[in-house]
Every structure is written in C-alpha cells, then in structure tokens.
Amino acid sequence: MAIDGLIFDFDGTLAELNIDFAAMRAAVEALARSLGYTEPWPRDGYLLEQVAAVSPHLEAQFPHKAQAIIIAHEVAAASEGRLFPFSLDLLRTLRDLEVEVAIISRNCGAAIRRVFPQVESLCRVFLPREAVLRPKPDPAHVRAALKAMGLAPGQTAVVGDHPLDVSAALAAGCLAVGVASGRIKAPELAAAGAQVVLPDASGLVAALGLQRAVKKAAGLDSPV
C-alpha cells in the first residue's frame with residue numbers, strides 16, 4: 001500500500017495527553033443537573049456525544065454552556081501541554097518527503113494552537129472539532145481531511161492513540177495506525193483493528209516505508 005498522505009490525531013499522538021476528562025465530564029454533568037436534568041447520565045459515547053444526548057431535555061443554551069466548559073478545560077490543560085520530542089522532526093521530515101499531512105482532533109483549535117502555535121505551517125490541513133459538523137469517531141471527520149488533501153482513502157493512513165481513531169480510519173477506508181503513546185496500550189489498539197501498531201509515531205516513516213517509496217519514485221533505488 002503506497003501511502004501519500006497521513007492524517008494525525010493530536011493529543012496522545014503528537015502531544016502529551018493531559019486533559020482530565022473525568023473532571024470535565026463532572027463539570028458538564030453538574031451544569032446539566034443545575035438546569036434540571038434528572039435522568040441517569042448517558043453511558044454511551046464520549047462527552048461530546050453525551051452532551052448531544054442530554055441537550056433535547058434542557059434549555060437551548062445548554063450545549064453552548066457545556067461547550068464553554070469543555071473549551072475551558074482543554075485550554076487550561078494545553079497551558080501545561082507540550083509536543084512529544086519527536087513531533088516537530090517527524091512533521092518536517094514528512095514535509096521534505098512531500099507526504100501530505102493533516103491533523104484532526106476532537107479538541108478545540110484554541111487549545112491545540114496553544115501547544116503547537118505553528119500547526120498550520122507544518123500540515124496542509126488542520127481540522128479541529130469546530131471545523132467539522134461530526135468529529136471522529138464519525139468517519140466524516142477523516143473524509144473531510146481526505147477531501148481537503150485531494151487524496152483517496154487507499155492512499156492515506158490515519159495515525160492515532162485511541163480506538164476511536166482506529167474506528168474512524170477503518171470506516172473511512174484508510175490504513176489504521178495505532179500508537180501506544182497515549183493511555184491505550186498496544187494490544188488494545190490491535191484488538192480495535194489497527195493494522196499497524198507502534199510504540200509512538202517516531203518510527204512512522206520507517207514502519208510505513210515512506211522514505212523508500214519516495215526514493216524509488218525519484219529513481220534513487222535504481223541500480224547504478
């Protein structure tokens with residue numbers, strides 16, 4: 001499979017994952033309770049999906065207030081976040097190899113830019129949560145990146161640290177690469193369907209044969 005493009009997750013894949021999701025959910029649930037929500041809190045999906053499930057039972061401003069809480073938590077966590085040591089070198093190498101790069105995330109753009117101010121100079125496509133109608137694990141998020149890059153799913157790998165990244169990749173028809181640099185271990189990523197599993201993204205170029213593919217295209221692998 002010749003890979004011409006890579007779609008990266010951000011937190012846990014290119015940067016440290018330090019958002020306290022339990023505290024974030026507790027704050028959003030407390031808001032819902034204060035507005036009169038008395039039903040059991042949804043168990044299905046992640047917090048964004050839970051907010052969508054609860055919203056029809058509450059005042060019209062609830063989703064906006066919930067989003068404000070989520071953004072505040074994300075930006076606060078980002079103030080203490082940092083890229084992994086290999087991330088800038090990896091993205092620069094991919095740029096030099098002329099591999100198309102997108103970064104997509106369920107996080108807000110403000111938080112990501114706080115950790116990575118030059119994000120848009122080192123990837124062709126940047127699609128944080130607010131840039132799409134349906135963020136991953138909905139494959140629409142991946143498909144939006146594919147469309148913006150002008151690539152087919154068969155040319156593209158999605159790289160992420162969570163089963164939802166794997167799910168979105170497979171549903172969109174892309175190669176799913178799991179990296180165990182977040183909170184999910186390698187066996188769980190493999191069990192979720194990742195076709196390639198790595199300790200982290202630092203070995204991505206070698207693992208996918210990207211350098212060799214580019215050299216071959218340039219005629220550098222030809223016998224002398």
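Here goes a summary of the coordinates provided. (Residues numbered from 1 in each chain as written. Predicted model: local features only at pLDDT ≥ 70, side-chain atom pairs only at ≥ 80, totals over all residues. Heavy atoms only, no water.)

**What to know about the overall build of the protein chain**
Link 1 in the chain: Along the backbone of the protein chain there are 10 helices and 6 strands.
Link 2 in the chain: Computed over the C-alpha atoms, the radius of gyration of the protein chain is 19 Å, within 12% of the 17 Å expected from 2.2 N^0.38 for a compact globule of 224 residues.
Link 3 in the chain: Structurally, the protein chain occupies a C-alpha span of about 75 × 30 × 30 Å along its principal axes.
Link 4 in the chain: Taken across its 224 residues, the protein chain has 46% of its residues classed as buried.
Link 5 in the chain: Once local pairs closer than 6 in sequence are excluded, the contacts in the protein chain between residues at least 24 apart make up 59%.
Link 6 in the chain: Split by element, the accessible area of the protein chain, about 10800 Å² in all, is 54% carbon and sulfur.
Link 7 in the chain: Taken together, the 21 basic and 24 acidic charged side chains of the protein chain have centroids lying 2 Å from each other. (Helix = DSSP H or I, 4+ residues; strand = E, 2+ residues; numbered from the N terminus. Rg over C-alpha atoms; globule rule 2.2 N^0.38 Å. Buried < 20%, exposed > 50% of the residue type's maximum accessible area, 1.4 Å probe, protein only. Contact = heavy atoms within 4.5 Å. Areas by Shrake-Rupley, 256 points an atom, 1.4 Å probe, with all protein chains shown as cover. Lys, Arg positive; Asp, Glu negative; His and termini not counted. Charge placed at Lys NZ, Arg CZ, Asp CG, Glu CD.)

**Quick look at the side chain of Gln 50**
Link 1 in the chain: As for its placement among the helices and strands, Gln 50 is situated in helix α2 (residues 47-54).
Link 2 in the chain: Taking relative accessible area as the criterion, Gln 50 reaches 3% and is therefore assigned buried.
Link 3 in the chain: Here the side chain of Gln 50 touches Trp 41 through a polar contact of 3.0 Å, side chain to side chain. (Polar contact = N/O pair within 3.5 Å; in protein donor to acceptor, adjacent residues only side chain to side chain.)

**Observations concerning the packing of aromatic side chains**
Link 1 in the chain: Here the structure, examined in full by the defined rule, presents 3 aromatic pairs.
Link 2 in the chain: Where Phe 10 meets Phe 116, the ring centres are 6.3 Å apart and the plane angle is 10°; that geometry is what we call stacked. Taken together, the positions of Phe 10 in the loop between β1 (5-8) and α1 (21-34) and Phe 116 in the loop between α5 (109-115) and β3 (125-127) put the pair 106 residues apart, joining distant regions of the chain.
Link 3 in the chain: Classification of Phe 10 as buried rests on a relative accessible area of 1%. (Phe/Tyr/Trp six-rings, centres within 6.5 Å; stacked < 30°, edge-to-face > 60°.)

**Quick notes on unusual backbone geometry**
Working note: non-glycine residues mostly have negative phi, and peptide bonds are mostly trans.
Link 1 in the chain: A cis amide bond links Lys 136 to the next residue, Pro 137, at an omega of 20°.
Link 2 in the chain: Relative to the helices and strands, Pro 137 is located in the loop between β3 and α6 (139-149).

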